[in-house]
Structure formats: structure tokens, C-alpha cells
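# Tertiary structure, described
Spelled out from the first residue to the last, the chains are:
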Amino acid sequence: LDEGTASAEAMTMSKRVTKSEFDAFFVDSDCHPQTLAVIRIRAKPLSIEIIVGHPLANLEAHAVFGVLIQYPGSSGAVRDIRPAIEAAHSSGALVSVASDLLAMCVLTPPGELGADIVLGNSQRFGVPMGYGGPHAAFFATREKYIRSMPGRIIGVSVDSEGNPALRM
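Described below are features of the structure shown in this document. (Residues numbered from 1 in each chain as written. Predicted model: local features only at pLDDT ≥ 70, side-chain atom pairs only at ≥ 80, totals over all residues. Heavy atoms only, no water.)

## Considering the environment of Ala63
Heads up, the condition is: Helix numbers and strand numbers start at the N terminus; a helix is a DSSP run of H or I with at least 4 residues, a strand a run of E with at least 2. Here, two residues are considered to be in contact whenever any of their heavy atoms come within 4.5 Å of each other.
Along the polypeptide, Ala63 turns up in the loop between β2 (49–53) and β3 (66–71). With 41 residues separating them along the chain, Ala63 and Phe22 place their C-alpha atoms 6.4 Å apart. Beyond its immediate sequence surroundings of up to four residues, Ala63 is in contact with Phe22 and Ala24.

Laid out in C-alpha cells, this is it:
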């Protein structure tokens, strides 16, 4: 699972969870191009329309079941994405945010901003770029959607601090 695939999984999970009558998914125009390419490929056989635009300016004009926002953007832009998240939620859409784990050390985490699904590339904490790719992604969601996540939860374990941890 790389970031592009995780984003496509977020799109299909959003469609399943919302049970929306809409067949359109909004993608931030500042998403990584490889992410958009994977989403388009996955959407085509599912008859999902992909709408690309600026989530702070173009989102409210579209009836969508889900939204993907890149935070920070592929351009490096750091935007306040709360208004876009609120607009999407007010229309019943789920919001996925593709984020950078290292950037979350200094930025407000997307979950705290209201995101329903957070995903991204974990390469910054793993395999060096010189070892190729694609690099492993991470995928998280609100507790109420956890049973709709892609993959399988195999069991519950305990981490080094004694907290329960789900393992795949």
C-alpha cells in the first residue's frame, strides 16, 4: 500500500460508508500527480467521476460523496483546510486527507481539523529514497469507520506502554 493506493482506498471506503447517491469524488488540485493518476485508474471501472479543483474555492459547487485534500500540498503550500472540511461535512461528504507524517510534527494533525480518514507516505520514517519505492503508506480513520477500513484486523495486542494496539 503506497500513498496513491491508500488514497484510492480512501475514495472507495468513503463511497461505501456514506452510501451516497452521488457518484463524484473531489480531489485537491494540489495533490501529488501520482496520487491523482491512481485515483483516476481506480475510479474508472467503478463509474466514479473525479473532479479536480481547489477545495477552498471550488468544492461547494459540486455534489460529491467524498473529498481528498493534500496537507501540506504537493506544491509545499500549507493551508488552513478547516473550511473545506466543514463545507464537505455540511453536504454529507467524507473527508480524506493525504498528509506527511514528518510535517505533522509541526502542523495541526488532520484528525484534529475534522478529517474522517488520514493517509500518507511513511517513507520519511523508513526506507531511504535510494532503495526505490513505492514506499509504505499509513491509513487511519475515525473509530466509527474502523470496520470499513481496507485490509484485515487480525488481533489486539499490547504496545510497549501497555496500551491496546490493533495489528494486521
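## A word on the sheet that holds strand β5 (residues 117–121)
The condition is simple: A strand pair is defined by DSSP finding two or more bridges across the two strands. What counts as an axis is a line fitted to C-alpha atoms, over the stretch in contact for a helix, and the angles between N-to-C directions run from 0 to 180 degrees.
Read from one edge of the open sheet, six strands run β2-β1-β3-β4-β5-β6, paired in mixed fashion. Since the sheet does not close on itself, it has two edges, and those belong to β2 and β6 (137–141), each with one partner. Strand-to-strand twist of the sheet, defined as the mean angle between neighbouring strand axes without regard to direction, takes the value 20°. Sheet analysis places β5 next to β6, joined by five bridges and oriented antiparallel. Within the sheet, the bridge partner assigned to Val118 lies in β6 and is Ala140. Seen against the sheet, helix α1 (residues 3–18) touches β1 (24–28), β2, β3, β4 (94–100), β5 and β6 and runs at an angle of roughly 165° to β5.

## Focus: helix α3 (residues 82–90)
Here is the rule we go by: With a 1.4 Å probe rolled over the protein chains alone, any residue whose accessible area is under 20% of its type maximum counts as buried; one over 50% counts as exposed, and the rest are partly exposed. By construction, the arc corresponds to the directions joining the helix axis to the C-beta atoms.
Within α3, the full set of buried residues consists of Ala84, Ile85, Ala87 and Ala88. Buried positions in α3, seen along its axis, are confined to an arc of 165° and lie on one side of it. Turned more than 90 degrees off the buried face of α3, the exposed positions are Glu86 and Ser90. Structurally, α3 contributes buried residues whose contacts are with β3, β4 and α4 (110–113). At the exit of α3 stands Gly92, carrying a positive phi of roughly 90°.

## Thoughts on the pairing of β4
What counts is decided by this rule: Here the term right-handed applies to a crossover when the path leading from its first strand over the helix to its second strand runs clockwise, the strands being oriented away from the viewer.
In terms of burial, β4 is a largely internal element, seven of the seven residues being buried. Pairing between β3 and β4: six bridges, direction parallel. Within β4, the residue paired with Val67 across the bridge is Val95. As a crossover connection, the stretch from β3 through α3 into β4 is right-handed.

## Overview of unusual backbone geometry
Residue Tyr71 is joined to Pro72 through a cis peptide bond whose omega torsion reads -5°. Despite not being glycine, Ser47 has its phi angle at roughly 55°, a positive value. Relative to the helices and strands, Ser47 is located in the loop between α2 (33–43) and β2. Using a relative accessible area of 57% as the deciding quantity, one classes Ser47 as exposed.

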